[in-house]
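The lines below spell out each chain.
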Amino acid sequence: MSSFDPTTDEALVYGLPLKARCLVAQAGETEKNCFLVGSLSLREENELHLIEVKEDTGRDHLDVACTGHFSHPKVEIWHIAPSPSDPLLLYTCYNTGQNEFRASLWRIDDQTLVETSQLAHSETIKCVLWHPVEDEEESRMVLSLDDNTIKLWDIEAGGSSAKETGTITLGELQRLTTGCWNPNNTNEVVAANDTRVQGWDLRSLKETFSIPKAHSHFVRDLDYNPNKLYLIATGGDDCYVKFWDTRKSQEPLKVVKGHSHWVWNVEYNKFRDQLVLSSSTDSSVNLWKIATLSSSSEPLGIDDYRDPADTAGREDYLIKSYDVHEESVYSVAWGCYEASPYVFASLSYDGRVVINQVPEEEIARIQDEM
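On a predicted model such as this, the values are computed, not experimentally measured, just so you know.

A.B. asks: Break down the overall build of the protein chain for me, citing the residues and quoting the values.
C.D. replies: Scanning the protein chain from N- to C-terminus turns up 1 helix and 29 strands. The buried share among the 370 residues of the protein chain stands at 56%. In the protein chain, the proportion of contacts linking residues at least 24 apart, taken out of those at least 6 apart, comes to 50%. Roughly 15,500 Å² of accessible area belongs to the protein chain as shown, and the carbon and sulfur atoms make up 44% of that amount.

Given below as structure tokens:
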């Protein structure tokens, strides 16, 4: 167990014994901040670790402990997708060792991962996306993406089987990398396709919007603002993080640059959407405040952005750049515990997980603005 003291700003560190690239918050766990981390070894049996961030009642310090250590009986975990409603269910996308990439649904049973079903693709599966609504029925719907196909699935109760209910085919020359289900309009998914970003209607299976040149180089990641209907953030190999209104996609609303190499991850805070994280192969993690494009005190559903003249007192800036990692930072994630919304984790390729918290002075400033 390690501890973090916000008064000294010293990070809390948890180390895996193997190389790793995948870290996500355990979305179905809403009573505490927990993260899942998967290893990426070619020669050794891979592992999935469940780590819990414990916070004392006075918020004087944080502790971290491994509460689950599971053998992953496949090779190279490239993606983890936990259920938004059941903390015991998760997908992993993995390389079987024969250069075949598959996705399996697992149930955590004590200290064992039990495989319940697989998703069938003929190409490399890049990621799995659960229906974002935290509802027992809806959360059985998932999307899976390979190089040029998006598939919609209905997962049977218990996860024992998966029925394909729709397919979007982009063509053999396409190269999808990642996607995000729109949390404010669950009929829409957005996907990164080389330097392009595209939206798709899951009812008609038709394109809803396209940003042909979102970045000058590869788009690595994207995320929807959890409270703004048309706002997305993207990160790419051009070192930029960009913010877009998908209705007016000719130009980004805002562009920030705080990295010197590829931006591998970008993620909104689920509860404080003015807070955005980005991570990079330059070994850094950046914490941004993008207040002018946040919901702030506006009610959910308000989708018109304020004129700059009406944003007095609201600023956009880099809160802090964290340089505690020694290798490329491939994953960053906010915790899912609403009572403690300022905790986040990052993972570098050497298996080093770093737990941090938004600086106390920034938390106080946000609370004063609410």
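A.B. asks: Which residues make up the sheet that holds strand β22 (residues 254-257), and what are the values?
C.D. replies: The antiparallel open sheet is built from 4 strands, whose spatial order is β19-β20-β21-β22. Whereas interior strands pair on both sides, the edge strands pair on one side only; in this sheet they are β19 (219-224) and β22. Averaged over all neighbouring strand pairs, the angle between strand axes comes to 20°, with direction disregarded.

A.B. asks: Before we move on, can you summarise the packing of aromatic side chains with the specific residues and values?
C.D. replies: With the rule as written, the count across this model stands at 7 aromatic pairs. Relative to Phe344, the ring of Tyr322 has its centre 5.5 Å away and its plane inclined at 75°; by these criteria the two rings are edge-to-face. You can see Tyr322 sitting in strand β26 (residues 316-322) and its partner Phe344 sitting in strand β28 (residues 343-348), a full 22 residues away along the chain. Given the relative accessible area of 5%, Tyr322 is considered buried. Pairwise contacts between aromatic rings join Trp264, Tyr330 and Tyr349 into one cluster. In this structure, Arg220 is placed above the aromatic ring of Trp262, and the distance from its NZ or CZ to the ring centre is 4.8 Å. Between Lys257 and the ring centre of Tyr240, over which it is positioned, the NZ or CZ distance is 5.4 Å.

A.B. asks: Just give me the short version of the pattern of salt bridges, but keep the residues and values in it.
C.D. replies: Evaluation of the coordinates by the stated rule reveals 13 salt bridges. Measuring nitrogen to oxygen at the nearest pair gives 3.6 Å for the salt bridge that ties Lys19 to Glu327. Of this pair, Lys19 sits in the loop between β2 (12-15) and β3 (20-25) while Glu327 sits in the loop between β26 and β27 (329-334), and the two are 308 residues apart along the sequence. The partner of Asp86 in a salt bridge is Arg107, and the shortest N-O contact between them spans 3.1 Å. Residue Asp86 is located in the loop between β7 (75-82) and β8 (89-95), and its partner Arg107 is located in strand β9 (residues 101-109); the two are separated by 21 residues in the primary sequence. Owing to a relative accessible area of 26%, Arg107 belongs among the partly exposed residues under this scheme. Counted as one network, the salt bridges with shared partners bring together Lys289, Glu362, Arg365 and Glu369.

A.B. asks: Residue-level account of the pairing of strand β16 (residues 188-193), with values.
C.D. replies: In terms of burial, β16 is largely enclosed, as 6 of its 6 residues are buried. Both faces of β16 are covered, namely the face carrying Glu188, Val190 and Ala192 and the face carrying Val189, Ala191 and Asn193. Pairing of β16 with strand β17 (residues 196-201) involves 6 bridges; the strand directions are antiparallel. The partner of Glu188 across the bridge, within β17, is Asp201. A loop of 2 residues connects β16 with β17, the two strands running antiparallel in sequence, and Asp194 in this loop sits at a positive phi of about 60°.

A.B. asks: Account for the side chain of Asp221, naming residues and giving values.
C.D. replies: Note that Asp221 resides in strand β19. One buried charge, Asp221, has no salt-bridge partner; the nearest side chain with opposite charge is Arg220, at 10.0 Å. Discounting chain neighbours no more than four positions away, the residues touching Asp221 are Thr178, Ala233, Thr234, Gly235, Trp264, Asn265 and Val266.

A.B. asks: Quick rundown of the side chain of Thr177? Include the residues and the values.
C.D. replies: Inspection of the secondary structure puts Thr177 in strand β15 (residues 176-181). In this structure the side chain of Thr177 is engaged in a polar contact, spanning 3.3 Å, whose partner is the backbone oxygen of Val219. If we skip the residues at most four places from it in the chain, Thr177 touches Lys126, Ala192, Phe218 and Val219.

A.B. asks: Hey, could you go over helix α1 (residues 360-369) for me, with residue numbers and the actual values?
C.D. replies: An α-helical segment advances 3.6 residues per turn. Residues three or four places apart therefore align on the same side. Looking only at α1, the buried set comprises Glu362, Ile363 and Ile366. When α1 is viewed along its axis, its buried side chains cluster within an angular range of 105° and face the same direction. Of the exposed residues in α1, the ones pointing more than 90 degrees away from its buried face are Glu361 and Asp368. Where α1 is buried, its residues touch β24 (275-280), β25 (285-290), β26 and β29 (352-357).

A.B. asks: Please provide a residue-by-residue account of the nonpolar core, values included.
C.D. replies: Leu23, Phe35, Val37, Ile51, Val353 and Ile355 are the most contacted members of the largest nonpolar core, which totals 20 residues. Beyond its immediate sequence surroundings of up to four residues, Val37 is in contact with Leu16, Cys22, Leu23, Glu47, Leu48, His49, Ile51, Ile80, Leu347 and Val353.

A.B. asks: For the environment of Leu202, give the residues involved together with the corresponding values.
C.D. replies: Note that Leu202 resides in the loop between β17 and β18 (207-211). Remark: the alpha-carbon pair of Leu202 and Ile150, spanning 52 residues in sequence, is separated by 9.8 Å.

A.B. asks: Describe the sheet that holds β2, with residues and values.
C.D. replies: Through backbone hydrogen bonds, the strands of a sheet pair up, either in parallel or in antiparallel fashion. Spatially, β2-β29-β28-β27 is the arrangement adopted by the 4 strands of the open sheet, whose pairing is antiparallel. Strands at the two margins of the open sheet, each flanked by one partner only, are β2 and β27. The sheet shows a mean angle of 20° between the axes of neighbouring strands, taken without regard to direction. For β28 and β29, the ladder comprises 5 bridges, and the chain directions are antiparallel. The residue of β29 that forms the bridge with Ala345 is Ile355.

About the cut-offs
Residues numbered from 1 in each chain as written. Predicted model: local features only at pLDDT ≥ 70, side-chain atom pairs only at ≥ 80, totals over all residues. Heavy atoms only, no water. Helix = DSSP H or I, 4+ residues; strand = E, 2+ residues; numbered from the N terminus. Buried < 20%, exposed > 50% of the residue type's maximum accessible area, 1.4 Å probe, protein only. Contact = heavy atoms within 4.5 Å. Areas by Shrake-Rupley, 256 points an atom, 1.4 Å probe, with all protein chains shown as cover. Pairing = 2+ DSSP bridges. Axes fitted to C-alpha atoms, helices over the stretch in contact; angles between N-to-C directions. Phe/Tyr/Trp six-rings, centres within 6.5 Å; stacked < 30°, edge-to-face > 60°. Lys NZ or Arg CZ within 6 Å of the ring centre and 35° of its normal. Salt bridge = Lys/Arg side-chain N within 4 Å of Asp/Glu carboxyl O. Lys, Arg positive; Asp, Glu negative; His and termini not counted. Polar contact = N/O pair within 3.5 Å; in protein donor to acceptor, adjacent residues only side chain to side chain. Arc of directions from axis to C-beta. Core = buried A, V, L, I, M, F, W, Y, C linked by side-chain atoms within 4.5 Å.

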